[in-house]
Amino acid sequence: MFKAVIFDIGGVVMRSPFIAITAYEQKLGLPVNYINCSITGRGSNGAWQRFERGEMDLLPFYEAFGRDLSDTVNGNLWYKSYCDRKALPCPPLPTTLNVDGRELFGAMMREAQQYDPHIRRAILHLKAAGQHKVIALTNNFARVSAPAEELEHLGWGDGAIPNHLLALFDDFCDSSSLGMRKPEPEFYLLACRRNGVKPSEAVFLDDIGLNLKAARELGIDTIQVVIGRTLDAVKELELKVGLDLTSSIIDSKL
């Protein structure tokens, strides 16, 4: 039934940068998901979204990112709306905030340097079986150019997309290279066209509900990857593709 499996990177193939965001929120005494609400609340024109589309350089992004997240007027409105949607009591919210964009982004990128072992093993099984295209679809930062000290700060000694990560996939669709990002529908459709598959012939794994919703609306089958429960997601994928994706595999190349 399926001809392709599409993977998000951060939070799926690699550790989630949201772990670093949670730690930063705790450091500033912010309620859980406050920063996430501020990032998504900006819609398509926030610094984060523009950076993922390759429209900003790194150093201007740091400044704009910090400025966006320090905006408590809008941030509080977005967080209150989040609490209303989730039927949660709204805690006290900040009146002033000073988010260091460089510090936060660096922590996020360093957090996302480690492979999830269950997802990586599943990818290796898929590649070995040779029955599916294995595709990455990621909001990423491949076009970033920066001084060596900044690359070190971000944990990008081998670049934003190291060769060992590229080698896992038949195609790597990066938002900053293609000028579009999830959940924009065209980004998903482009990934399918590039690999000769229909949306209905693909399974997509992501950790963000909004990205999964957009995929489903296009006819793509989806699996939500929950932090700490990646093995559950792999077992669900096993059932969809009819392959063993969890047993040990000898890997001499990757």
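Small disclaimer: the values here were computed from a predicted structure and weren't measured.

1. A short note on the pattern of salt bridges
And then number 1: Counted under the stated rule, the structure contains 17 salt bridges.
And then number 2: Taking the shortest distance from any N to any O, the salt bridge between E52 and R181 comes out at 2.7 Å. Of this pair, E52 sits in helix α3 (residues 47–52) while R181 is found in the loop between α10 (175–178) and α11 (185–194), placing the two residues 129 residues apart along the sequence. Comparing E52 with R181, the two get one shared label, buried.
And then number 3: With its nearest N and O atoms 3.8 Å apart, the salt bridge here joins R53 to E184. Here R53, found in the loop between α3 and α4 (58–69), pairs with E184, found in the loop between α10 and α11; they are 131 residues apart in sequence, far enough to count as distant.
And then number 4: The exposure class assigned to R53 is buried, which follows from its relative accessible area of 9%.
And then number 5: When salt bridges that share partners are traced, they join D8, K182 and D206 into one network.

2. Topic: the side chain of E25
And then number 1: Relative to the helices and strands, E25 is located in helix α1 (residues 18–28).
And then number 2: Within polar-contact distance, the side chain of E25 engages the backbone nitrogen of Y34 at 3.0 Å.
And then number 3: The contact partners of E25, leaving out residues within four places of it in the chain, are L30, P31, V32, N33, Y34, I35 and N36.

3. Regarding the nonpolar core
And then number 1: Core analysis: the largest hydrophobic core is formed by 32 residues, its most contacted members being F61, F65, L104 and F105.
And then number 2: Going through the elements one at a time, α1, α2 (34–41), α3, α4, α5 (72–86) and α6 (101–111) are the ones with two or more residues in this core.
And then number 3: Per-element tally for this core: the top contributor is α4, with six residues.
And then number 4: Formed jointly, this core draws a minimum of three residues from each of two domains, domain 1 (4–15 + 115–241) and domain 2 (17–110).
And then number 5: With residues up to four places along the chain from it excluded, the contact list for F105 reads W48, F51, L58, F61, Y62, F65, F141, L154 and W156.
And then number 6: Ranked by size, the runner-up nonpolar core spans 30 residues in total, among them F7, I119, I161 and V234.

4. Digging into helix α12 (residues 209–217)
And then number 1: Taken together, the buried positions of α12 are occupied by N211, L212, A214 and A215. Buried residues of α12, viewed axially, fall in a sector of 160°; they line one side. With respect to the buried face of α12, the exposed residues turned more than 90 degrees away are L210 and E217.
And then number 2: The elements touched by buried residues of α12 are α11, β4 (202–206) and β5 (221–224).
And then number 3: Once α12 ends, the next one or two residues include G219, with phi positive near 95°.

5. Some points on empty space enclosed by the protein
And then number 1: Within the structure shown, the criterion is met by one cavity of 30 Å³ or more.
And then number 2: At the level of elements, α2, α3 and α4 are the ones that each hand at least two residues to the lining of the largest cavity.
And then number 3: Residues of the lining of the largest cavity, tallied by class, amount to five nonpolar, three polar and two charged.

6. Considerations on the layout of surface pockets
And then number 1: In this structure, the second largest pocket encloses a volume near 200 Å³.
And then number 2: As for the second largest pocket, its lining consists of 14 residues, and the residues nearest its centre are R15, D116, I227, G228 and T230.

7. As for the packing of aromatic side chains
And then number 1: Taken as a whole and assessed by the stated rule, the structure comprises 19 aromatic pairs.
And then number 2: With a centroid separation of 5.7 Å and 90° between ring planes, the pair formed by Y188 and F204 is classed as edge-to-face. Remark: F204 occurs in strand β4 and Y188 occurs in helix α11; sequence separation between them is 16 residues.
And then number 3: A network of ring pairs unites the aromatic residues W48, F51, F61, Y62, F65, F105, F141 and W156 as a single cluster.

8. Comments concerning the pairing of strand β3 (residues 171–174)
And then number 1: Taking every second residue as pointing to the same face, both faces of β3 are buried, with D171 and C173 on one and F172 and D174 on the other.
And then number 2: Here strand β2 (residues 133–138) runs beside β3; their pairing, made up of four bridges, is parallel. Paired with L137 across the two strands is C173, which belongs to β3.

Rules used in this analysis
Residues numbered from 1 in each chain as written. Predicted model: local features only at pLDDT ≥ 70, side-chain atom pairs only at ≥ 80, totals over all residues. Heavy atoms only, no water. Salt bridge = Lys/Arg side-chain N within 4 Å of Asp/Glu carboxyl O. Helix = DSSP H or I, 4+ residues; strand = E, 2+ residues; numbered from the N terminus. Buried < 20%, exposed > 50% of the residue type's maximum accessible area, 1.4 Å probe, protein only. Polar contact = N/O pair within 3.5 Å; in protein donor to acceptor, adjacent residues only side chain to side chain. Contact = heavy atoms within 4.5 Å. Core = buried A, V, L, I, M, F, W, Y, C linked by side-chain atoms within 4.5 Å. Domains from an automatic or database assignment. Arc of directions from axis to C-beta. 1 Å grid on protein atoms, 1.4 Å probe; cavity = no way out; pocket = protein on both sides within 12 Å on 5 of 7 lines; lining within 4 Å. Points joined across faces, edges and corners; volume = space filled by probe spheres on them. Nonpolar A, V, L, I, M, F, W, Y, C, P; charged D, E, K, R; others polar. Phe/Tyr/Trp six-rings, centres within 6.5 Å; stacked < 30°, edge-to-face > 60°. Pairing = 2+ DSSP bridges.

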